[in-house]
Amino acid sequence: MSSDDEIRGLMVMALKELDRSFGIYKSGAVISGRAVPSYKDVVNREDPLRLTQRVLVKPVMECLGYSDVCSYDLFDGRVPGLSMATVTMNSVFTSAVSRVLCAMNADNAPKGIATDGFRWALAVSDDGCKRVCALSDLRPYYVEILERDRFRAAIPVIDEALGEFIEIFSNP
């Protein structure tokens, strides 16, 4: 099982990659939730959805125990025993949730995860009825890491939400 420290380490690496991809000002705006990135915001013109998947989603999924996840599977929403739906950072999250529920119906998958990299939703199939059973927002942890990087100090997020996220979303 993953630890809080492993996920926080991934978040530190994600901040560095987002700084390289957007520049420090735009990266801060994206992490704080103030901006939805577009092609023109990404320095190397990488697709913002691919950037979201590569930097925020894939490393976390691997840390949660989905070790057989490859980029191709993640981009296409195909993870063994799991339906995935990812939207660009800070975009309309409900579209990812509705897409994962549809994908679960199409794939007959018992479980699904919808995410924008910051917000995560876990859906399950219960007697043929697909429903969201857990929501988690990791943004406060990213903001804490951003503040510590920029200002050398931050108010730590003191709650069990990260541990609960790991426990609920981990691959059994």
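Computed from a predicted structure; not experimentally measured.

Things to note about the packing of helix α1 (residues 4-22) against helix α6 (residues 139-151)
Helix-helix packing: each pair is described by the crossing angle between the helix axes and the interaxial distance. It is at 10 Å that the axes of α1 and α6 come closest, and there the two elements cross at 65°. The element α1 and its partner α6 pack so that their crossing is right-handed. Listed contacts from α6 to Arg8, Met11, Val12, Ala14, Leu15 and Asp19 of α1 are Tyr141, Tyr142, Glu144, Ile145, Leu146, Asp149 and Arg150. A class-by-class count of the residues in the contact of α1 with α6 yields 8 nonpolar, no polar and 5 charged.

A closer look at the nonpolar core
In this structure, Ile113, Trp120, Tyr142 and Phe165 are the most contacted members of the largest nonpolar core, which totals 38 residues. Elements that contribute at least two residues to this core include exactly α1, α2 (24-32), α3 (48-63), β2 (82-86), β4 (119-126), α6 and α7 (161-169). Setting aside its immediate chain neighbours within four residues, phenylalanine 165 contacts Val60, Leu64, Trp120, Ser136, Leu138 and Ser170. If you look at the next biggest cluster of nonpolar residues, it comprises 10 residues, including Phe93, Met104, Ala114 and Ala123.

Focus: α3
When the terminal C-alpha atoms of α3 are compared, their 22 Å separation across 16 residues agrees well with the 22 Å that a helix rising 1.5 Å per residue should span. The sharpest bend along α3 reaches about 40° and sits at valine 57, with the proline proline 59 one to four residues further on. Residues Pro48, Leu51, Thr52, Gln53, Val55, Leu56, Val57, Lys58, Val60, Met61 and Cys63 constitute the buried set of α3. At the N-terminal end of α3, a side-chain oxygen is found 3.0 Å from the backbone nitrogen of leucine 49, two or three residues along, and the residue is aspartate 47.

What counts and what doesn't
- Residues numbered from 1 in each chain as written.
- Predicted model: local features only at pLDDT ≥ 70, side-chain atom pairs only at ≥ 80, totals over all residues.
- Heavy atoms only, no water.
- Axes fitted to C-alpha atoms, helices over the stretch in contact; angles between N-to-C directions.
- Helix = DSSP H or I, 4+ residues; strand = E, 2+ residues; numbered from the N terminus.
- Left-handed = near helix turned anticlockwise from the far one by under 90°.
- Contact = heavy atoms within 4.5 Å.
- Nonpolar A, V, L, I, M, F, W, Y, C, P; charged D, E, K, R; others polar.
- Core = buried A, V, L, I, M, F, W, Y, C linked by side-chain atoms within 4.5 Å.
- Buried < 20%, exposed > 50% of the residue type's maximum accessible area, 1.4 Å probe, protein only.
- Expected span 1.5 Å × (residues − 1).
- Bend = angle between axes of the 7 residues up to and from the residue.
- Polar contact = N/O pair within 3.5 Å; in protein donor to acceptor, adjacent residues only side chain to side chain.

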